[in-house]
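Chain and residue survey
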Amino acid sequence: MSDRRYLKKRGRRWYFQLAVPRALQDRVGKKVLLEALGTEVLADAQNLRWRHLAAAQQRFDALEEPDEDGLTRAVIEREAQATMKRLLREAHAAARRGEPLQWTGIDASGQVAASQGWDEGAGLEHAAAVYSEALAQDDYGLVAVEAQAIIKSFGADISADEEEYRELCRSQLAANLEAVRARLAQLRSRPYEAPERLTTPRPSRRTRSGSPTRDMAAPTIRREGTGGTTATISQVAKRCIDDNRTNRRSRWTNQTRQQYETTYRLLSEFLADMPIADVTRSDAVRFIEALAALDPRWSRSPGARSASVWELLENHSGPVGLSAKTVNRYVASCSALFRWARQHGLYGGANPFAELYQQPDGGSGAGTRRGYQAFSIDELNRLFTAPLFTATPWGAHLQPRQHSVQTALAWASLIALFSGLRSNEICQLRLNDIRQEGDTWVFAVNSRHGGGRQRLVPIHSMLARCGLPDYLAAGQEQTNGLLFPALRPGGPDGKHNWYFTSAFRTLRVQQGLVRRAGQGRLGFQSFRTTVRAALARANVGEHLAIQLLGHERADDGRLPYRLATDLRAVTEAVEAIHYPGLVLDHLMAAAA
């Protein structure tokens, strides 16, 4: 789901919406601020909201009563802005003297020196990395002395475990970081615009007390320079996504697009939306290592998809971490962004995410990679003697009084075992997709893998012996045209296998079909691997195997989704799918 915090849609236009703190509602005169953003485009509204949020927060700060024992947010913001300006003045003066500036909390040994003198640019980059890391880790040691001095100057009584102290330290760290960035931009003749706020806006009611709220801070907005070399990560990501949305060659599904949008949002937050040209290899490594520590099921937690990267790292880090496959998906998404940026002149260096792919457990070479493995005969017999096939009379599956996910699960498993069709290809089949071509009954399969083209897969005789014609005849009278009408579409792309795959996983686990780590995975996709192995055992030609399975390419790179010259050859290839030792007598006897 896209990030719609502080946004509300009325008609076709977007508005900024923010709850007024209860203590200030009488002074503001309303409980909720609602301001028109003047756009119908969600992406534009997402960018505009931060300026409205900063303005609203400044308004709230101005109305806030001073606390005798603490510091108001307005005072903390004012002190941070003063620190930033002071550091910039001192940096200019130090540069004129040809001396390195002693940045807060970083000793002289931390400054990077060139072989023949002081290198201010290298020192600034080092300082930026130190302050960024401190902000990411909530490490306030670099500014503790300055924070205590500010507290003492105001005569406040604030301890280190109070939110006011943490906010003061965060704002001082941010002031140092932005001063470094401003000086670095000046040194490299790049435009720079300071953020509107250095303090963190007040947490929303959904934010847990005491948790970091860095995601709500108004991001630094930088203007693009000549050639777009100072475009920020979020700006480049938006252009990349928009380009792929309109590019017919990419064919991104809604689910793929949302995965890329989430990854790019997390990357932008993690690196404070810095110019994409400034992203280094170490930045990429830190980001991937941080994501790798997340719990594998983090995305299923309520509100997790809209949470900031800092909230995710605090609330959803687990002892297990993400699998290598999931981590590699994040690496691939980020790598694609930098490839696109390089192609469009927005990034000039080597791809920082290249070669960050992780190897699966059990080896370090490409040959050790294990995907979905084929079912053994023993595993197939355990699967097809499950209560789904034995406790319920098979006749109830042939002519179901009421279609269900279990009915679909039983038939889909058989169809996959004797055809190699994908789960969604099976789940979205309609009754009129099963038709006769000459003397041969076929599945007419429509799949995005074929570029919108249709392929014909002959129906194995074993499916007929198990009663598929009876099921089809009953379906003509009871269904809405779908072969499995009980399967509800779901997910970003409305796929009919969205809930089905979860049901199959439950069935598989109940039957004990689980492999140990390093032995490869089992899933519905394993049926395709099983069929591929059966075709290989029967010495079926590669061209016929490719046409049946659908996703592999011929030697010339073309997808052979066309009717073979002789459909009988394809039918013979399907009939060659055979599993010695597989027992399905209980299904065939019921169908007889």
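In this text the structure is predicted, and so the values were computed from the model without any measurement.

A closer look at the packing of helix α8 (residues 254-270) against helix α9 (residues 281-292)
For the pair α8 and α9, the least separation of the axes is 11 Å and the interaxial angle reads 115 degrees. Two packed elements cross with a definite hand, and for α8 against α9 that hand is right-handed. In this structure, α8 contributes Thr263, Leu266, Leu267 and Phe270 to the contact, and α9 contributes Arg286, Phe287, Ala290 and Leu291.

Focus on unusual backbone geometry
Positive phi values are uncommon outside glycine, yet Asn539 reaches one of about 60 degrees. Assignment of secondary structure puts Asn539 in the loop between α20 (526-537) and α21 (542-549).

Overview of the packing of α20 against α21
Relative to each other, α20 and α21 sit at 160 degrees, their axes nearing to 11 Å. Here α21 runs roughly antiparallel to α20, going by the angle between their axes. Once α20 is placed against α21, the crossing between them reads as right-handed. Contacts between α20 and α21 involve Arg528, Val531, Arg532 and Leu535 from the first element and Ala545, Leu548 and Leu549 from the second. A class-by-class count of the residues in the contact of α20 with α21 yields 5 nonpolar, no polar and 2 charged.

Topic: the sheet that holds strand β1 (residues 7-10)
Taken in spatial order, the 3 strands of this open sheet run β1-β2-β3, and their pairing is antiparallel. The sheet is open, and its two borders are formed by β1 and β3 (32-36), each paired with just one other strand. Here the strands of the sheet are splayed against their neighbours by 35 degrees on average, with no regard to which way each runs. Of the strand pairs in this sheet, strand β2 (residues 13-19) and β3 are connected by 5 bridges, and their pairing is antiparallel. For Ala19, the partnering residue across the bridge sits in β3 and is Val32.

How each quantity is defined
- Residues numbered from 1 in each chain as written.
- Predicted model: local features only at pLDDT ≥ 70, side-chain atom pairs only at ≥ 80, totals over all residues.
- Heavy atoms only, no water.
- Axes fitted to C-alpha atoms, helices over the stretch in contact; angles between N-to-C directions.
- Helix = DSSP H or I, 4+ residues; strand = E, 2+ residues; numbered from the N terminus.
- Left-handed = near helix turned anticlockwise from the far one by under 90°.
- Contact = heavy atoms within 4.5 Å.
- Parallel < 35°, antiparallel > 145°, perpendicular 65-115°, else oblique.
- Nonpolar A, V, L, I, M, F, W, Y, C, P; charged D, E, K, R; others polar.
- Pairing = 2+ DSSP bridges.

Remember, this is a structural readout, not a statement about activity or role.
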